[in-house]
Amino acid sequence: MSRVSTSPGAPKSHDTDPVAHPSADDDTPREACGIFGVFAPGQPVAHLTYLGLYALQHRGQESAGMAVSDGETLTVVKDMGLVSNTFDDRTLAALTGGLAIGQTRYSTSGSSTWRNAQPVYRGVDHFEFALGHNGNLVNTEALAAAAGMLPGTVTSDSDLVAEMLAAELRATPELEAGEAFDAALLTVLLMLRGAFSLVLADRDRIIGVRDPNGFRPLCLGRLDGGWVLASETPALDVIGAHMVRELDPGEVVVIDGSGCRSFHPFTSDAIDPTLCLFEFIYFARPDAVLYGQSVHHARVRMGEALAEQAPVEADLVMGVPESGMPAAEGFARASGIPYGQGLVKNRYIGRTFIAPNQALRAAAVRMKLNPLRDSIEGKRLIVVDDSIVRGTTTRAMVRMLRDAGASEVHMRISSPPYRWPCFYGMDTGSRGELLAASLTVDEIREYLNVDSLAYLTIDRLMASTGAVGAGFCDACLTGEYPVEIPSNLSESLLEPADLKDGSEKAVQTLGDDPHSGLPTDDAAKLFGRT
Ligand code: SF4
């Protein structure tokens, strides 16, 4: 028996809902998803999952859901919106059981609809399972075609994985259900390419999977009387669990009443650890631990390295709230220049509207960030941020600082220029949308209207993680993709950027109207890049 429900109200879509799309912060790659699982009979697993998902909310804000089993029934509750919108006391109290998995979603495959909210559920005869996914497959279309699926049969890569598992189950009616699911999982996992950290649940157990590259994090924790799986360690902390270890790339752990068992189904030549470098730079919470390193301390070291690499005389070092602040702290410490707050972030911003004109775009940014005039008036500022993706927010922020009286603005970025799109679970858009794909660093400086601009080098960035040699994906910075990208994907997102000519006139044009607030594509056109 199973139940799948939404709480509250009917299924709904955010596909065409303008308020569902973020527009005030387009200068950082957007997160993928957070996943969580707990096996703890006798404990309030739905409440524990709620807390775990709450701690992972930063990884996805489009939808949230959980699947809870009491041994007889696997119940899925999911809805669009935040964790706190999806569950209330009554819902959680009704979700009794001994195990649960959950997911917070940001869509990178499949649209942002209730149907694509997770966990994904399938029932085959008397067996049922649910699945939560963080990452992005790169062979979704090939797998769907190979399985003979008609268009529309599945609506996301996660849905495809669930459908493939269900098809394998249907094909092996002679096997006992649990045994059949194990065989199905083994078969399907070996067919997937790309990024997939997974949590799965049936009525009796939870399963954690990390792809052979380990693109997305997944850790194992121990709770009094139970086990926990989570994308990031703060989700363990919040429920009082302690970290056991990070799952290895290519590892599968199965947790049931007899304990926790580990498998390594992939061949050794398929294992190639390439954790997403942006987990360290931006995505993961600062209180997370990755490759055994504190993410916060790694970000502080990035700022220290940036100060050594690109010093400049100034009166104040400030970070762009909040992801730029640890690196700003490091920059200030290494440079000896005072650290202070120059921008205040509105903590209550969720999603904003698509601003139809420059005045409203500026208002959208101001709604999120507002300058502290007293701190910055007449000062030479060093402004530290973790990355620039499209550039529009950074440009608007610089204008705010100048309008508030900053005498100089020096931008320092704690990662190299973001030049290539991500295919492994981060939403960066096409190459044409990436500022650094079309413009040189000096052109970006002019576009942003800053006095100087420097990006941290890749070597210094790697050293700052404290995990040199552990294995990282840096494809969006270098263009070297660790898992091959099929041409049908790359053709649409890797259109070549012409870096050769036309910049001078464009710079002149921007000089005429330095605060026009044009989107990045338009900036690239102005520089003659498209
Ligand atoms: S391409 Fe960039 S954002 Fe994507 S997984 Fe690799 S390092 Fe992370």
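Each value, and the rule that gives it
- Residues numbered from 1 in each chain as written.
- Predicted model: local features only at pLDDT ≥ 70, side-chain atom pairs only at ≥ 80, totals over all residues.
- Helix = DSSP H or I, 4+ residues; strand = E, 2+ residues; numbered from the N terminus.
- Buried ≥ 20, exposed ≤ 12 C-beta atoms within 10 Å, placed from the backbone.
- Near = placed C-beta within 6 Å.
- Contact = placed C-beta atoms within 7 Å.

## As for unusual backbone geometry
A cis amide bond links Gln118 with the next residue in sequence, Pro119, at an omega value of 10 degrees. Position of Pro119 among the secondary structure elements: in the loop between β5 (99-105) and β6 (120-124). Here Pro321 and Glu322 are connected by a cis peptide whose omega angle stands at -10 degrees. Among the secondary structure elements, Glu322 is positioned in the loop between β18 (316-319) and α10 (325-335). Unlike most non-glycine residues, Asp125 shows phi in positive territory, near 55 degrees. Structurally, Asp125 is set in the loop between β6 and β7 (127-134). Assessed through the 10 C-beta atoms surrounding it within 10 Å, Asp125 is described here as exposed. The backbone of Asn449 sits at a positive phi, close to 65 degrees, despite the residue not being glycine. Among the secondary structure elements, Asn449 is positioned in the loop between α15 (441-448) and β23 (452-455). Classification of Asn449 by C-beta neighbours within 10 Å gives partly exposed; the count is 17.

## Digging into the site of the ligand
Near the ligand you find twelve residues, and of these Cys276, Cys422, Cys473, Ala475 and Cys476 are the closest. Elements with a contribution of two residues or more to the shell around the ligand: α8 (277-283) and α17 (475-478).

## Comments concerning the environment of Ile413
Position of Ile413 among the secondary structure elements: in strand β22 (residues 408-413). Judged by local crowding, Ile413 falls into the buried class, with 28 C-beta atoms found within 10 Å. Spatially, the C-alpha atom of Ile413 lies 8.4 Å from that of Gly324, the residues being 89 residues apart in sequence. Non-local contacts of Ile413, meaning those with residues more than four positions away in its chain, are made with Asp385, Ser387, Ile388, Tyr455 and Leu456.

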